Each structure stands twice: as C-alpha cells, then as structure tokens.
Amino acid sequence: MQIREVENGIILEGIEDFEPAHVFDCGQCFRWIRQEDGSYTGVAMNRVININKEGDSIHIDNTNLEDFENIWYEYFDLARDYGALKKDLAKHDENLKKAVEFGPGIRILKQDGWEMLISFIISSNNRIPMIQRAINNISERYGHKIGTYRGKDYYAFPSPEELSRASIEDLRDCKTGFRDKYIYHTTRAVLDEKIDLKAFVDMDQDTCHKELMKFKGVGAKVADCIALFGMRKYQSFPVDVWVKRVMQEFYGAEDMSLPKMRKFGMDLFGDDAGFAQQYLFYYVRELEIGK
DNA sequence: GGTCAGGGTAGCC
DNA sequence: GGCTACCCTGAC
C-alpha cells in the first residue's frame, strides 16, 4: 500500500481487501451514507470524510496525512491482513468460502464504544433507514457541529454529557421509539456510575458481554454487536434474524434457541467468529437467502 | 386504515 | 435456560 497526499485528502494506492460498499453496508455502521457518485460520506471520530474507490486506490477526501496516520489507519483496521484471514475462513467450509467471495472487501471498523452502545440500542427491532434517521436526529440536536462538507452540515455523535441534556420525551422526538427510556437510563448509568467504556476494550469477551448486558435495552445480540464493533471483541457472534437464517439454512441449526445458536457459532468459528459473522451476514442479507 | 415484520428485549416461568 | 408479550414505526 502506498500513500499519496493530494489536495484536501490522501490516496491509498494498491490497497487490497477494501470495498466501500462492503464495509459500509455490512451492518456495522450507521453514519456512512452512499452519495450519488457512488462514494460514501461519513461521520466518525469527530470528523467528516468521504471515501471513494477509483480502480484499486482509495481516495479519502477532507483529511490529511496526519489524521490518516493517527486516526484512519486504525479506524479502518488497515494493519490487519484480511487476505490471510479470508484464506483461513474459506478453508473452514464451503458456505463461508462463498460468503467471503461475495463480500471480499469487508473490514470491521474500529468504532467508538459509547456511540456503538447507543446506536445498537436504537437498532433493536428497527430498520436501517430508521436507525440512521434516529442517530442523525440525536447528533444534530445534542452533538456539536463538526463542519460543513459539500454544502451540508455535519454533527458529531453526542458525548454522554451532551446526550444527558435530552429527556425521555426529547429522545422520543428523535424517533427512537420505545427505546427512548433505554437510551435515557443508559446515559444516566454511564454518567452516574462513572462507567469508562474505553476500559471495556481491555476486558475478556465474556466479561465485556456480561457488563454490556447490564444496560437497559441491551440483550445478547446488541451486546455482541457493541463488543464486536466498538470493543474489539472479535470472538463475538451476534445472532440476528439474518444470521439465524444462515445458521438454519447452512449449518443445520434448525431447532436451536438463540442463546444456543450464539454459542454454536462461537464454538464453530472460534477466535474469528466475528469476522465469519460479518461475511455471512452480508452474504445472506444481500441475497436475501432463507427469507 | 388494519396488519405485519423489522439487524430483539424484558420478564415471566 | 426457554417462551412470550410487547415496545414503535412505516410499508403494504
């Protein structure tokens, strides 16, 4: 991979295993929006940037070399050898091989734990466009403005302190639905109990999962998503409706309860369960397998 | 305008 | 542990 500085941005040349559509549409993030020209504009790490793939190079606009080295290199998990990872997964079984071939440009982003906590509480029994809308509302009303990009204003996801200014009714107004009280209580808990979500990264997977489930509105699936996308717990295996379908269709988990399916997936795929889940999720969801 | 399902959870056995 | 009632929204 070669890095080249350009006007208001950088270009990564010869980059492998990075396909914006795969990365941003595999269910892990809600603030990356596809633009008319096929590029993606997203808010993360208190910044707004645009990602566009041109041939085999990735153009990151509205940034600089310093931010790339300090922030985006880690955020996009560029140190990881996804080629080797995919090779291992493809060897596991025929279904996973197909899933990896279907979404070869998937990467798991290293996102903020607090933002994941609230975002995935909103995601429960919800649809992606509505999740995105609610998170946008929350950010516009309680987060601070980051700046203007291509004629549009962008707002950071609010900190716990910022979000604590919202009442349950305010949160309902943001279109969070019945999850309003969950968000309110979770925000209060984080502030009142001085919970440091950064410390969750250092916990083992099981402890992290158990601690996350203590928050209201966080069940097994949501906790797995937060742990996987916000706390580097790559052994997590979130079982949502799509993963449930794939486990039933491909892995003979026909009459299995959700908790058993979760353990089954973790045992089956081991340390890479989170990655396996992402490839499988993207595969079945895009093709609507099992629906 | 009712019905249904959506990237599940809480609460009860 | 498993089962169920149910939180809200928008698409049909």
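Predicted, not measured: the structure shown is a model, and the values here were computed from it. (Residues numbered from 1 in each chain as written. Chains lettered and ligands numbered in written order. Predicted model: local features only at pLDDT ≥ 70, side-chain atom pairs only at ≥ 80, totals over all residues. Heavy atoms only, no water.)

A. View of the sheet that holds strand 6 (residues 57–61). Pairing in this open sheet of six strands is antiparallel, and the strands run 1-2-6-5-4-3 from one edge to the other. Of all strands in the sheet, those with a lone pairing partner are strand 1 (2–6) and strand 3 (32–34), marking the two edges. The sheet shows a mean angle of 20° between the axes of neighbouring strands, direction not considered. Note: strand 3 against strand 4 (residues 40–44), three bridges, orientation antiparallel. By the bridge assignment, Arg34 is partnered in strand 4 with Tyr40. Relative to the sheet, helix 2 (residues 65–75) contacts strand 1, strand 2 (9–13), strand 3, strand 4, strand 5 (47–54) and strand 6, its axis offset from that of strand 5 by approximately 80°. (Pairing = 2+ DSSP bridges. Helix = DSSP H or I, 4+ residues; strand = E, 2+ residues; numbered from the N terminus. Axes fitted to C-alpha atoms, helices over the stretch in contact; angles between N-to-C directions. Contact = heavy atoms within 4.5 Å.)

B. Quick peek at the pairing of strand 8 (residues 152–155). Bridge analysis of strand 7 (residues 145–149) against strand 8 gives four bridges, and the strand direction is antiparallel. Residue pairing across strands places Gly147 opposite Tyr154, the latter belonging to strand 8. Counting the residues that bridge the hairpin from strand 7 to strand 8 gives two residues, and of these Arg150 lies at a positive phi of roughly 50°.

C. Structural view of the pairing of strand 1. As paired strands, strand 1 and strand 2 are joined by five bridges and run antiparallel to one another. Opposite Gln2, over in strand 2, you have Glu13 as the bridge partner. Linking strand 1 back to strand 2 in an antiparallel pair, the connection comprises two residues, with Asn8 at a positive phi of about 55°.

D. Expanded view of the protein's contact with DNA strand B. Residues in contact with DNA strand B amount to 21 residues; listed here are only the nearest, Gly27, Asn125, Ile128, Gly217 and Gly219. Here DNA strand B approaches the protein such that, of its atoms within 4 Å, sugar and phosphate make up 50%. Note that a base nitrogen of DNA strand B is positioned 2.9 Å from one of the side-chain N or O atoms of Arg127. Within the backbone of Gly219, one N or O atom sits 2.8 Å away from a phosphate oxygen of DNA strand B. A breakdown of the residues in the surface near DNA strand B according to their chemical character gives ten nonpolar, five polar and six charged. (Near = heavy atom within 4 Å. Polar contact = N/O pair within 3.5 Å; in protein donor to acceptor, adjacent residues only side chain to side chain. Nonpolar A, V, L, I, M, F, W, Y, C, P; charged D, E, K, R; others polar.)

Fair warning: the whole summary comes from geometry, so function is off the table for now.
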